[in-house]
Amino acid sequence: MAKEILEVDDLSAAKHYELSSTDRAGIQALADQYFNNWDWIYGKDPAYSLTRRQHFAGGTVEFDLDVVQGQIQAIQIHGDFFGQLPIAAVTTQLTGIPYTPAAVQKVFDQIDVPAYFGRISAPELVQLLTQQPQA
């Protein structure tokens, strides 16, 4: 395939290109502008809604969320996990954050998870909320 792309009969006949420091700087600028840029990768996403539901030993949790431009615009949490505190405080903290594992993890690191979700752990909740859909 490489021979076809390079239009040669023998790979030893292919031209060898050396990138200059100017070339490398240009490549890095493009990477920073597009490929390393959260807004370019996720921020232009169309709005969508999804539901994540799972049964754990400590109960069932369901997250219903609306994501707009890569951020959680609205979220509802349902289940039979028998937390002691009103779950509305958690939905408030999750609303408006980027829909990324790191941002979701940060929220769960800052709250008293057992007080809201009983015997369901923070890692289980983060995994459920941020799991990628199966193809």
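Our structure's up above, just so we're on the same page.
Residues numbered from 1 in each chain as written. Predicted model: local features only at pLDDT ≥ 70, side-chain atom pairs only at ≥ 80, totals over all residues. Heavy atoms only, no water.

Considering the arrangement of structural elements, one finds Thr 91 in helix α4 (residues 88-94). Judged by relative accessible area, Thr 91 falls into the buried class, the value being 14%. Taking the C-alpha atoms as reference, Thr 91 lies 6.5 Å from Gln 76; in sequence the two are 15 residues apart. Setting aside chain neighbours within four positions, we find Thr 91 in contact with Ile 75, Gln 76 and Ile 77. At 2.8 Å, the side chain of Thr 91 and the backbone oxygen of Ala 88 are in polar contact. (Helix = DSSP H or I, 4+ residues; strand = E, 2+ residues; numbered from the N terminus. Buried < 20%, exposed > 50% of the residue type's maximum accessible area, 1.4 Å probe, protein only. Contact = heavy atoms within 4.5 Å. Polar contact = N/O pair within 3.5 Å; in protein donor to acceptor, adjacent residues only side chain to side chain.)

With phi around 55°, Glu 7 is a residue other than glycine that occupies positive phi space. Structurally, the position occupied by Glu 7 is in the loop between α1 (2-6) and α2 (21-35). Judged by relative accessible area, which is 72%, Glu 7 ranks as exposed. For Phe 82, which is not glycine, the phi dihedral falls at a positive 55°.

Here the focus is the packing of helix α5 (residues 101-109) against helix α7 (residues 122-130). Across the interface, α5 lies against α7 with an axial gap of 10 Å and an inter-helix angle of 145°. Judged by the twist between their axes, the crossing of α5 over α7 is right-handed. Only Ala 122, Leu 125, Val 126, Leu 129 and Thr 130 of α7 make contact with α5, whose side of the interface consists of Pro 101, Val 104, Gln 105 and Phe 108. Classifying every residue of the contact of α5 with α7 by side-chain character gives seven nonpolar, two polar and no charged. (Axes fitted to C-alpha atoms, helices over the stretch in contact; angles between N-to-C directions. Left-handed = near helix turned anticlockwise from the far one by under 90°. Nonpolar A, V, L, I, M, F, W, Y, C, P; charged D, E, K, R; others polar.)

Next up on the list: the side chain of Asp 64. Structurally, the position occupied by Asp 64 is in strand β2 (residues 59-68). Buried and unpaired, Asp 64 has no salt bridge, with Arg 53 as the nearest side chain of opposite charge at 8.1 Å. A polar side-chain atom of Asp 64 sits 2.7 Å from a polar atom in the side chain of Thr 51. A distance of 3.3 Å separates the side chain of Asp 64 from the side chain of His 78, its partner in a polar contact. If sequence neighbours within four positions are ignored, Asp 64 has contacts with Leu 50, Thr 51, Ala 74, Ile 75, Gln 76 and His 78. (Lys, Arg positive; Asp, Glu negative; His and termini not counted. Salt bridge = Lys/Arg side-chain N within 4 Å of Asp/Glu carboxyl O.)

This paragraph deals with the packing of aromatic side chains. What the rule picks out here adds up to two aromatic pairs. Pairing Phe 81 with Phe 117 gives two aromatic rings, centres 5.0 Å apart and planes at 40°, and the pair type is tilted. With Phe 81 in the loop between β3 (71-79) and α4 and Phe 117 in helix α6 (residues 113-117), this residue pair connects regions lying 36 residues apart in the sequence. In this pair, the class of Phe 81 matches that of Phe 117, namely buried. Centroid distance Phe 108 to Phe 117: 6.0 Å. Interplanar angle 50°. Geometry classified as tilted. Per residue, the accessibility class of Phe 108 equals that of Phe 117, and both read buried. (Phe/Tyr/Trp six-rings, centres within 6.5 Å; stacked < 30°, edge-to-face > 60°.)

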